[in-house]
Each structure stands twice: as C-alpha cells, then as structure tokens.
Amino acid sequence: MITVALAKGALLKDSVARFAAAGLDFAGLLEPGNRQLMVPSACGQARALLVRNADVPVYVAYGQAQLGVVGYDVIREHQLPVAQLLDLGFGGCRMSVAVKASSGYRRASDLPAHCRVASKFTGCAQAFFDALDLPVELIHLAGSVELGPITGMSEAIVDLVATGRTLEENGLIAIEDLFHSTARLVGHPLALRLDDGPLQAIVDRIALVATPRGS
Ligand SMILES: Nc1ncnc2c1ncn2[C@@H]1O[C@H](COP(=O)(O)OP(=O)(O)OP(=O)(O)O)[C@@H](O)[C@H]1O
Ligand SMILES: O=P(O)(O)OC[C@H]1O[C@H](OP(=O)(O)OP(=O)(O)O)[C@H](O)[C@@H]1O
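These figures come from a predicted structure and were not determined experimentally.

Describing the overall build of the chain
1) Next: Looking only at helices and strands, the chain features eight helices and eleven strands.
2) Next: Principal-axis analysis of the C-alpha atoms places the extent of the chain at approximately 55 × 35 × 30 Å.
3) Next: For the chain, buried positions account for 35% of its 215 residues.
4) Next: For the chain, long-range pairs separated by at least 24 residues make up 65% of all intrachain contacts whose partners lie at least 6 apart in sequence.

Overview of the site of ligand 1
1) Next: Around ligand 1, a shell composed of 14 residues is seen, among which Gly 9, Ala 10, Asn 53, Gly 71 and Ala 162 lie nearest.
2) Next: Of the residues belonging to the shell around ligand 1, the class tally is seven nonpolar, five polar and two charged.
3) Next: The two domains that each donate at least three residues to the shell around ligand 1 are domain 1 (2-91 + 182-209) and domain 2 (93-180).

Side note on the sheet that holds strand β2 (residues 38-40)
1) Next: Taking strand neighbours across the sheet as the criterion, the six strands line up as β2-β3-β1-β4-β11-β5 in an open arrangement whose pairing is mixed. Of all strands in the sheet, those bounded by a partner on one side alone are β2 and β5 (83-87). Averaged over all pairs of adjacent strands, the angle between strand axes in this sheet comes to 25°, irrespective of strand direction.
2) Next: As judged from the six bridges shared by strand β1 (residues 2-7) and strand β3 (residues 46-51), these two strands associate in the parallel manner. Bridged to Thr 3 within β3 is Arg 47.
3) Next: The sheet contacts of helix α8 (residues 198-209) involve β1, β4 (67-71), β5 and β11 (183-187), and relative to β5 the element is tilted by about 30°.

Thoughts on α8
1) Next: Along its twelve residues, α8 runs 17 Å from first to last C-alpha, staying within 8% of the 16 Å computed at 1.5 Å per residue.
2) Next: When we look at burial in α8, the residues that qualify are Ile 202, Val 203 and Ile 206. The buried residues of α8 occupy an angular sector of 100° when projected down its axis, which confines them to one face. Opposite its buried face, α8 presents the exposed residues Asp 204 and Leu 208, each directed more than 90 degrees away.
3) Next: Summarising the contacts, the buried residues of α8 are in contact with β1, α1 (12-21), β4, β5 and β11.

Considering the UniProt feature "domain: ATP phosphoribosyltransferase catalytic" (unreviewed entry) in the chain
1) Next: Those places that UniProt annotates as "domain: ATP phosphoribosyltransferase catalytic" (unreviewed entry) correspond, in this numbering, to residues 52-206.
2) Next: End C-alpha atoms of residues 52-206 are separated by 22 Å, and the span's content is 32% helix alongside 30% strand.

Details of the domain arrangement of the chain
By a frequent convention, interface size equals the accessible area lost on bringing the separate parts together.
1) Next: Assigned domains of the chain: these are domain 1 (2-91 + 182-209) and domain 2 (93-180).
2) Next: Averaged C-alpha coordinates put domain 1 and domain 2 at centres separated by 30 Å.
3) Next: Domain 1 puts four residues into the contact, and the matching count from domain 2 is six residues.
4) Next: In terms of residue class, the side of domain 1 that touches domain 2 is made up of no nonpolar, one polar and three charged.

Quick look at the sheet that holds strand β10 (residues 172-181)
1) Next: The five strands lie next to each other as β8-β7-β9-β6-β10, forming an open sheet whose pairing is mixed. Edge strands, defined here as strands with exactly one partner in the open sheet, are β8 (137-140) and β10. Averaged over all pairs of adjacent strands, the angle between their axes in this sheet comes to 25°, without regard to strand direction.
2) Next: Here strand β6 (residues 93-100) runs beside β10; their pairing, made up of eight bridges, is antiparallel. Bridge pairing in β10 links Ser 96 to Asp 177.
3) Next: Packing of helix α4 (residues 122-132) onto the sheet brings it into contact with β6, β7 (116-119), β8, β9 (156-161) and β10, and relative to β8 it is tilted by some 170°.

Rules used in this analysis
- Counting of residues starts from 1 at the beginning of each chain's written sequence and follows it residue by residue.
- Chain A is the first chain written and ligand 1 is the first ligand written, with later ones labelled in order.
- Per-residue local features of the predicted model are confined to residues with pLDDT of at least 70, and side-chain atom pairs are confined, for both listing and counting, to 80 or more; whole-chain, interface and lining totals are unaffected and use all residues.
- Strands here are runs of E lasting at least two residues and helices are runs of H or I lasting at least four, both read from the DSSP assignment and numbered beginning at the N terminus.
- Here the C-beta atoms are placed from the backbone, and a residue counts as buried if at least 20 other C-beta atoms lie within 10 Å of its own, exposed if 12 or fewer do, and partly exposed otherwise.
- By the convention adopted here, residues make contact when the C-beta atoms placed from their backbones lie within 7 Å.
- Each residue receives a C-beta atom placed from its backbone. It is near a molecule or strand if this atom lies within 6 Å of it.
- Residue polarity follows a fixed list, in which Ala, Val, Leu, Ile, Met, Phe, Trp, Tyr, Cys and Pro are nonpolar, Asp, Glu, Lys and Arg are charged, and the others, Gly among them, are polar.
- Segment limits for the domains were obtained from an automatic or database-derived domain assignment.
- Strand pairing is assigned whenever DSSP identifies at least 2 bridges connecting the two strands.
- Where helices are involved, their axes are fitted lines through C-alpha atoms of the stretch in contact, as for all axes, and angles between N-to-C directions lie from 0 to 180°.
- Multiplying one less than the number of residues by 1.5 Å gives the expected span of a helix.
- Arc definition: directions from the helix axis to the C-beta atoms.
- UniProt positions are given in the numbering used here, feature names are shortened, and annotations may be inferred rather than shown by experiment.

Structure (structure tokens):
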C-alpha cells in the first residue's frame with residue numbers, strides 16, 4: 001500500500017488531477033463536505049492523507065507517506081530530509097519582499113538595519129537578509145502577513161505573491177524576489193531506495209503527465 005500526503009488548500013485540486021492522470025484516483029478528497037483525512041484510491045492500491053500544507057514534508061520525512069505534493073517554498077522553509085522528485089509546474093508563485101507602496105523603499109537593501117519584517121516564512125527571510133548582510137527583526141505570523149506594514153507593526157513582509165492582487169488591494173508593492181516556487185513531488189528517500197518497482201512506476205507515470213515549469 002502506497003501512501004501519499006496531499007495538502008489541503010491551493011494545491012489540492014491539481015494534485016488530485018495529477019495523481020488521477022497517473023492512475024490513482026483520490027477524487028473522494030474533493031467531494032464537498034468530505035471530512036475523511038485518509039482516503040483510499042479507487043483501485044485500492046494506495047491511499048491519500050489530507051494534511052496541512054506545511055505538514056506534507058513532515059509525513060514524508062518520517063515515512064508515514066512515501067510520496068507527497070508540496071510547494072517549493074515549504075521545502076525551502078522547513079528543510080526536512082525529503083527527496084525532490086518532480087517539478088509539477090502548478091501552484092506557481094514567488095517569495096517576495098513587499099513594503100507599503102507609499103514608503104520610499106524600492107529595494108530590500110533600502111530597508112533600515114534592525115527594521116521589523118513579518119513573515120510566515122521566517123527561515124527563508126532570515127537566510128535572505130543574512131545574505132544581504134542586513135540585520136532585521138523577524139516577526140513570525142501564521143497568515144495575513146500583509147497586515148504587518150498596514151498596522152505599522154513591521155516595515156516589510158516576506159510572503160508569497162501569485163497574481164499580486166492581495167498586495168495591490170492592501171496598498172503594498174513587491175520590491176524584491178527571493179525565489180520562484182511551484183508544486184513539487186517529494187518522496188521518502190529510504191522508501192525510494194528500497195522500492196522494487198511500484199513507487200518508481202507512479203513517479204514515472206506522474207512525470208509523463210507533469211507540466212514542465214514555464215510551459
Ligand atoms: N496565491 C497563490 N497562488 C498560487 N499558489 C499559491 C498561492 N499561495 C500559495 N500558493 C502555493 O500553494 C501552497 C499552499 O498554499 P495554501 O494557501 O493552500 O496553504 P497555506 O496557507 O500555506 O497553508 P495553511 O492553510 O495550512 O496554513 C503554498 O505553499 C504555495 O506553494
Ligand atoms: O498574489 P495573490 O494571488 O493575491 O496571492 C497571494 C496571497 O496568497 C497567499 O495567501 P493565502 O491565501 O495562502 O492566505 P494566508 O495569508 O493565510 O497565507 C499569500 O500569503 C498571499 O497573501
């Protein structure tokens with residue numbers, strides 16, 4: 001039995017579609033009102049765990065799931081020992097530094113030393129400002145980080161930007177990108193090494209239907 005960790009939220013529909021195209025049907029996860037967290041595939045050969053986005057690499061790293069789908073941003077933030085197998089192409093967004101449009105800051109290096117930066121991705125933010133050699137005070141938030149500069153709690157944020165609509169509607173602008181992110185298929189390294197065929201067969205089938213980045 002192969003177990004796959006899938007994230008609730010923005011990536012779920014595309015993740016289910018990609019596994020369905022590869023022969024594993026987890027459509028039960030998408031049924032309105034579904035509260036089941038472990039769903040068998042229609043063929044009975046696999047099951048999906050429905051987990052929070054940031055928990056996907058945790059289930060894969062600890063071996064409770066052999067495969068998982070998660071954003072590259074989460075992989076960068078949590079640094080858990082999972083194997084990155086495929087770039088699935090969907091869930092495209094960028095990790096950016098943003099500030100109030102009315103502020104004078106137009107590059108991250110314009111920010112004053114020791115200013116406050118709010119983020120859900122404080123690991124990525126810390127690495128970015130360390131590389132700039134700019135000391136900042138990071139404030140960890142669980143979401144809606146755009147409120148940091150709006151309320152005056154922070155000068156800047158580090159957050160995901162996709163369409164740019166959230167920044168625009170909150171009077172913020174992106175001034176620098178840390179990296180681009182897309183959904184990745186990840187795997188448990190030992191399970192992949194010990195696999196005698198079935199796991200690799202699923203990865204190969206998903207690779208055939210995966211959309212390469214930029215296409
Ligand atoms: N606006 C967006 N457009 C496209 N992809 C996005 C967007 N926001 C996030 N993503 C991608 O989808 C992943 C899941 O985002 P989602 O908003 O569903 O979860 P989350 O808010 O990070 O998790 P949780 O609700 O558990 O805190 C992100 O890690 C990122 O890779
Ligand atoms: O550029 P856009 O297309 O507007 O998307 C960006 C928004 O999407 C994500 O938020 P999410 O919906 O995950 O909520 P969160 O603030 O709770 O993380 C991200 O944190 C931004 O707020």
